[in-house]
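One-letter residues, chain by chain:
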Amino acid sequence: MMRLCAALLICLLGSLNSVQAAPGRHPVWSVGYHEMTFLDPLDLQPMRAIAFYPSSDREHMSLLEGYSVEAGADTKVAIGRFPMLMLSHGNTGTPLALHDLATSLARKGFVVVAVIHPGDNSKDHSRLGTLSNLYGRPIQISEAITATLGDRMLAPYVNADQVGVIGYSAGGETALILSGAQPDLDRLRRYCQERPDDRDACNTQGELIVDRDDLQPVADPRVHALLLMAPLSLKFGRHTLADVHVPVLLYSGDGDKLVAFDKNAAALARKLPTAPDFKLLAGAGHFVFMAPCNEEQIRAMPALCTDADGVDREDIHRNLISEAGRFFSHTLGRPTRAGMQTADQ
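Residues numbered from 1 in each chain as written. Predicted model: local features only at pLDDT ≥ 70, side-chain atom pairs only at ≥ 80, totals over all residues. Heavy atoms only, no water.

Student: Even after reading the chapter, I still don't get the overall build of the protein chain, so can you show me in this structure?
Tutor: Assigned secondary structure in the protein chain consists of nine helices and 11 strands. Computed over the C-alpha atoms, the radius of gyration of the protein chain is 22 Å, within 12% of the 20 Å expected from 2.2 N^0.38 for a compact globule of 345 residues. For the C-alpha atoms alone, the extent of the protein chain along its principal axes is close to 90 × 45 × 45 Å. The 345 residues of the protein chain split such that 54% are buried. Carbon and sulfur atoms form 53% of the exposed surface of the protein chain, whose accessible area is close to 15800 Å². Charge centroids of the protein chain, computed over 32 positive and 40 negative side chains, lie 6 Å from each other. (Helix = DSSP H or I, 4+ residues; strand = E, 2+ residues; numbered from the N terminus. Rg over C-alpha atoms; globule rule 2.2 N^0.38 Å. Buried < 20%, exposed > 50% of the residue type's maximum accessible area, 1.4 Å probe, protein only. Areas by Shrake-Rupley, 256 points an atom, 1.4 Å probe, with all protein chains shown as cover. Lys, Arg positive; Asp, Glu negative; His and termini not counted. Charge placed at Lys NZ, Arg CZ, Asp CG, Glu CD.)

Student: Looking at this model, I keep getting lost on the pairing of strand S8 (residues 158–168). Mind explaining?
Tutor: Residues in a regular strand point their side chains to alternate faces of the sheet. Taking burial as the measure, the 11 residues of S8 include nine buried ones, the bulk of the element. In this sheet, S8 lies alongside strand S6 (residues 82–88) in parallel orientation, the contact comprising six bridges. Bridge pairing in S8 links Phe 82 to Val 158. Here S8 pairs with strand S9 (residues 223–229) via five bridges, running parallel. Pairing of Tyr 168 across the sheet is with Met 229, part of S9. (Pairing = 2+ DSSP bridges.)

Student: Looking at this structure, how should I read the packing of aromatic side chains?
Tutor: The description of two aromatic rings rests on the distance between their centres and on the angle between their planes. All told, the structure shown has six aromatic pairs when counted by the stated rule. Between Tyr 251 and Phe 289, the ring centres sit 6.3 Å apart and the planes meet at 80°, which makes this aromatic pair edge-to-face. Pair noted here: Tyr 251 is in strand S10 (residues 248–253) and Phe 289 is in the loop between strand S11 (277–281) and helix H7 (295–300), with a separation of 38 residues, a long-range link. When its relative accessible area of 3% is taken as the criterion, Tyr 251 is described as buried. (Phe/Tyr/Trp six-rings, centres within 6.5 Å; stacked < 30°, edge-to-face > 60°.)

Student: Is there a simple way to think about the state of the cysteines in this case?
Tutor: A covalent bond bridging the sulfur atoms of two cysteines is what the word disulfide describes. Scanning all chains against the criterion turns up two disulfides. Put simply, Cys 192 and Cys 202 are joined by a disulfide, and their sulfur atoms are 2.0 Å apart. With the S-S bond torsion at -95°, the cross-link from Cys 192 to Cys 202 turns out left-handed. Remark: Cys 202 occurs in the loop between helix H5 (185–194) and S9 and Cys 192 occurs in helix H5; sequence separation between them is 10 residues. We note that Cys 192, like Cys 202, is buried. In the protein chain, the bonded cysteines, taken in the order they occur along the sequence, pair up as 1-2, 3-4. (Disulfide = S-S within 2.5 Å.)

Student: How do you make sense of the pattern of salt bridges when you look at a structure like this?
Tutor: Between side chains of opposite charge, pairing is possible as soon as their charged atoms come close. This model, assessed by the stated rule, comprises 20 salt bridges. When the shortest N-O distance is used, the salt bridge between Glu 323 and Lys 279 registers 3.9 Å. One end of the pair, Glu 323, is in helix H9 (residues 313–332); the other, Lys 279, is in strand S11, with 44 residues separating them in the sequence. Overall, the relative accessible area of 22% leaves Glu 323 in the partly exposed class. Among the residues examined, Lys 279 registers a relative accessible area of 25% and is labelled partly exposed. (Salt bridge = Lys/Arg side-chain N within 4 Å of Asp/Glu carboxyl O.)

Student: Sorry, what's going on with the environment of Asp 186 here?
Tutor: Looking at where Asp 186 falls in the secondary structure, it is placed in helix H5. Asp 186 sits in the partly exposed class, given a relative accessible area of 40%. Residues Asp 186 and Phe 236, 50 residues apart in the sequence, show an inter-C-alpha distance of 9.9 Å. In this structure the side chain of Asp 186 is engaged in a polar contact, spanning 2.4 Å, whose partner is the side chain of Arg 189. (Polar contact = N/O pair within 3.5 Å; in protein donor to acceptor, adjacent residues only side chain to side chain.)

Student: Whenever I open this one, the nonpolar core confuses me. Can you help?
Tutor: The nonpolar side chains of a soluble globular protein tend to be buried with one another. Among the nonpolar cores identified, the biggest contains 59 residues, and Met 86, Val 113, Val 115, Leu 176, Leu 226, Leu 228 and Leu 241 are the most heavily contacted of them. Counting residues per element, this core draws most heavily on helix H3 (residues 131–149), at seven residues. Contact partners of Val 113, with chain neighbours within four places excluded, come to Met 36, Ala 49, Ile 50, Ala 51, Met 84, Leu 85, Met 86, Leu 87 and Thr 148. Residues Ile 116, Met 229, Leu 320 and Phe 328 belong to the second largest nonpolar core, which totals 42 residues. (Core = buried A, V, L, I, M, F, W, Y, C linked by side-chain atoms within 4.5 Å. Contact = heavy atoms within 4.5 Å.)

See below:
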């Protein structure tokens, strides 16, 4: 009888261990956020970024610059070393408009650093249309990578060898420069001669303001993968993209009236040296990549919150978040400690 009980106990413990080690199981993380301040490499003035990270604390909701965000301030960081994703927003925008993507990827096991570009954000347009903005944005992202790797709170939990960039609209242009693309300003001039009514790309009639003549496009070899959403990419031809060798997940809507689909995402998909994973969203416009709006935002910003008939922004975001998690897990790798696995397996 004693032998039988011992055998049953061994079987029971063995089954429990096998359940705990079963493939597909992963930790359940909440999300924390940590505000960072470091120097803008262009003028050595303070600039900001907000890092969203996996947390082992309870769930929190926070109000950040008018957005309700599922994250708590400086909550306990989950144990592990996590891949790092830099988020570059569009012209005159804010990365918080993509808060659901940032927090969802943090919940999957990524540290997502949302950079506020000085001189080109929702509160400061002073560098819009300038050469310093075109070439300075990628340098700012590189500085944000360095700042995160040196941040006392986050540095122990990020992996310097697992860095990707998420670029939305003009942030897509920024991401491409970081991966080796070289802007061709003649392409912008020709485009604006052909389509002078494009108020977004041609607000300076195809001529960027030369406020700095000491800047040039600088790639960052630490960047290993790109997620591009409705990227501004008309300044790049096939030869100026020749040095882009990182994997790319590319999203665009064929109803984009702001960043012309045919001259940007569609052309980029044809010209990249390695074909991207291209997701074309039927009928979707430029702002579909911003987080779904609440009732108050719909009333305050109808142009940014309203999609064409048949376009389901919430469904698009569910698929985008899932695909982005899979893409970055595959291209960058997962958190490096045992048991640190993302949700998409």
